[in-house]
Amino acid sequence: NAGVTQTPKFRILKIGQSMTLQCTQDMNHNYMYWYRQDPGMGLKLIYYSVGAGITDKGEVPNGYNVSRSTTEDFPLRLELAAPSQTSVYFCASTGQGFTGELFFGEGSRLTVL
Amino acid sequence: AQTVTQSQPEMSVQEAETVTLSCTYDTSESDYYLFWYKQPPSRQMILVIRQEAYKQQNATENRFSVNFQKAAKSFSLKISDSQLGDAAMYFCAYRSARGGSEKLVFGKGTKLTVNP
């Protein structure tokens with residue numbers, strides 16, 4: 001199993017550009033999450049989904065959008081990139097009957113200049 | 001809203017020694033889960049250990065153990081016989097046991113350095 005796969009791993013954007021971070025999991029997990037990690041700030045939840053067709057905002061959703069058309073995929077869209085969105089982004093998933101273990105992707109480092 | 005606090009931004013330990021990482025949390029709930037995650041330089045987050053709040057017995061996983069003090073809302077991680085591979089960021093996390101909410105709240109992390 002590949003687990004949780006994120007692409008791209010690195011990206012540099014100019015202010016005002018848009019892009020999509022891709023996330024796919026092959027574990028048939030219902031729950032999927034997007035976190036951002038800033039130095040010294042831990043992980044903050046951007047958006048999450050409890051199943052296909054259902055998404056909800058986390059702690060820091062402004063400037064982002066998500067969709068969940070399939071169980072496997074949970075892309076994160078950045079519209080009008082800003083320097084404040086420079087961060088490392090993590091996608092994670094877990095199954096029903098939450099045992100506590102989130103399965104994380106390897107992260108995507110995004111720089112907005 | 002629940003919060004998780006890790007008061008030690010950085011810690012260091014000598015190889016083969018024991019180190020304890022601190023975590024406190026704030027919640028009004030009585031049923032919840034607590035976790036320690038490890039993030040090595042490769043960036044990928046790995047679950048180290050978890051504790052169910054309704055269990056009084058402290059969780060143990062090989063060299064990793066926790067000291068769970070529910071009344072004090074404290075959840076520290078003890079790493080025994082530290083190894084160079086233990087060097088990483090360690091994050092404490094909280095999850096409510098309420099159904100329909102599967103979100104984890106993370107602390108800011110503690111960077112652990114292991115000295116040879």
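Residues numbered from 1 in each chain as written. Chains lettered and ligands numbered in written order. Predicted model: local features only at pLDDT ≥ 70, side-chain atom pairs only at ≥ 80, totals over all residues. Heavy atoms only, no water.

(A) How the structure looks around the confidence of the model for chain B. On average, chain B scores 92 in pLDDT, and the residues at 70 or more come to 97%. Looking at the elements of chain B, mean pLDDT is at its lowest for strand β7 (residues 60–61) of chain B, recorded as 88, and at its highest for strand β3 (residues 19–21) of chain B, recorded as 98. (pLDDT = per-residue confidence, 0-100. Helix = DSSP H or I, 4+ residues; strand = E, 2+ residues; numbered from the N terminus.)

(B) Fine view of the nonpolar core. Residue and element names in this part refer to chain B. By size, the foremost hydrophobic cluster in this structure holds 25 residues, and its most contacted members are Y25, W36, F75, L77 and Y90. For this core, the secondary structure elements donating two or more residues are β3, β5 (32–39), β6 (46–52), β8 (64–69), β9 (74–79), β10 (88–96) and β12 (110–115). Top element by residues in this core is β10. It accounts for four residues. (Core = buried A, V, L, I, M, F, W, Y, C linked by side-chain atoms within 4.5 Å. Buried < 20%, exposed > 50% of the residue type's maximum accessible area, 1.4 Å probe, protein only.)

(C) Broad picture of the state of the cysteines. Residue and element names in this part refer to chain B. The full count for this structure, using the stated rule, is two disulfides over all chains. The disulfide partner of C23 is C92, and the gap between their sulfur atoms is 2.0 Å. Across the disulfide from C23 to C92, rotation about the S-S bond amounts to roughly -70°, and the bridge is consequently left-handed. With a gap of 69 residues between them, C23 in the loop between β3 and β4 (24–26) and C92 in strand β10 connect regions that are remote in the sequence. (Disulfide = S-S within 2.5 Å.)

(D) How the structure looks around the sheet that holds strand β3 (residues 19–25) of chain A. All names here are of chain A. Spatially, β1-β3-β8-β7 is the arrangement adopted by the four strands of the open sheet, whose pairing is antiparallel. Two strands close off the open sheet at either side, each with one partner strand: β1 (4–7) and β7 (64–66). This sheet shows a mean twist of 20° between the axes of neighbouring strands, independent of strand direction. Bridge analysis of β3 against strand β8 (residues 76–78) gives three bridges, and the strand direction is antiparallel. Bridge assignment links T20 to a residue of β8, and that residue is R77. (Pairing = 2+ DSSP bridges. Axes fitted to C-alpha atoms, helices over the stretch in contact; angles between N-to-C directions.)

(E) The pairing of β5 of chain B, seen in detail. Residues and elements named next belong to chain B. Summarising burial for β5: eight of the eight residues are buried, a large majority. A two-sided burial pattern is seen for β5, the buried positions comprising Y32, L34, W36 and K38 on one face and Y33, F35, Y37 and Q39 on the other. Both β5 and β10 contribute to a ladder of eight bridges, which runs antiparallel. The partner of F35 across the bridge, within β10, is A93. Here β5 pairs with β6 via six bridges, running antiparallel. By the bridge assignment for β6, Y37 is matched with L47.

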